Amino acid sequence: MTERLLKQPNTRKPKRAARIAKLCGAVLGVAVFLALTVNSLLCVFVDGYYPTFGGYRLFAIVSDSMEPNISTGDMIVGRVPKSADDISVGDVITFEVRSGGATALITHRVTEVRVASNGAIKYTTK
């Protein structure tokens, strides 16, 4: 009787590929952490800085001025307009209002768009 030696299949995964995948994941994680840290510091120390991710911004609603469509405590995602032509009646916009040394962000719906005598575009919101 002849014995045959059976070759055992290689059940080990390639170690190099696993190390490369872990390294890529770690590098990506560190990059995201650094980007969020820099954005957070800029928000705290630079007046009027609002982080933008791919042309979008995230805002929290802190008053009931947009009820019942947007409730207090809701988070909204706003797209940064490329030009004034991107804003029209019915759009919800977020804009800065400065009073004294304080700056507030206001989110309202556009009810009218008009051009002032000096050519500036003016928005009426509610």
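Residues numbered from 1 in each chain as written. Predicted model: local features only at pLDDT ≥ 70, side-chain atom pairs only at ≥ 80, totals over all residues. Heavy atoms only, no water.

Novice: Could you give me a rundown of the sheet that holds strand S3 (residues 92-99), with the residues and numbers involved?
Specialist: Read from one edge to the other, the open sheet built from three strands follows the order S3-S4-S5, with strand pairing classed as antiparallel. Looking along the sheet, the strands with just one partner apiece sit at the ends: S3 and strand S5 (121-125). Across this sheet, the average inter-strand angle for adjacent strands is 65°, counted without regard to direction. (Pairing = 2+ DSSP bridges. Helix = DSSP H or I, 4+ residues; strand = E, 2+ residues; numbered from the N terminus. Axes fitted to C-alpha atoms, helices over the stretch in contact; angles between N-to-C directions.)

Novice: Tell me about the nonpolar core, and name the residues and values.
Specialist: Residues Phe59, Ile61, Met66, Ile70 and Ile76 constitute the largest nonpolar core, which totals five residues. Apart from the residues lying within four places of it in its own chain, the contact partners of Ile76 are Arg57, Leu58, Phe59, Ile61, Ile70, Thr94 and Thr107. (Core = buried A, V, L, I, M, F, W, Y, C linked by side-chain atoms within 4.5 Å. Buried < 20%, exposed > 50% of the residue type's maximum accessible area, 1.4 Å probe, protein only. Contact = heavy atoms within 4.5 Å.)

Novice: Mind laying out the pattern of salt bridges, listing which residues take part and the relevant values?
Specialist: Tallied over the entire structure, the rule returns two salt bridges. Across the pair Arg79 and Asp86 runs a salt bridge whose closest N-O atoms are separated by 3.9 Å. A residue is classified by how much of its surface remains accessible, and Arg79, at 47% relative accessible area, is partly exposed. Judged by relative accessible area, which is 30%, Asp86 ranks as partly exposed. Where Arg98 meets Glu96, a salt bridge forms, and the shortest distance between an N and an O atom there is 2.9 Å. (Salt bridge = Lys/Arg side-chain N within 4 Å of Asp/Glu carboxyl O.)

Novice: Tell me what's going on with the confidence of the model for the protein, and back it up with residues and numbers.
Specialist: Per-residue pLDDT for the protein has a mean of 83; in total, 89% of the residues score no lower than 70. Averaged over each element, pLDDT in the protein is lowest for strand S1 (residues 56-60) (83) and highest for S5 (89). (pLDDT = per-residue confidence, 0-100.)

Novice: With reference to specific residues and values, describe the side chain of Thr107.
Specialist: With respect to the secondary-structure elements, Thr107 resides in strand S4 (residues 102-115). Looking at Thr107, its side chain comes within polar contact range of the side chain of Thr94, at 2.8 Å. Not counting residues within four places of it along the chain, the set of residues in contact with Thr107 comprises Ile61, Ser65, Met66, Ile76, Val92, Ile93 and Thr94. (Polar contact = N/O pair within 3.5 Å; in protein donor to acceptor, adjacent residues only side chain to side chain.)

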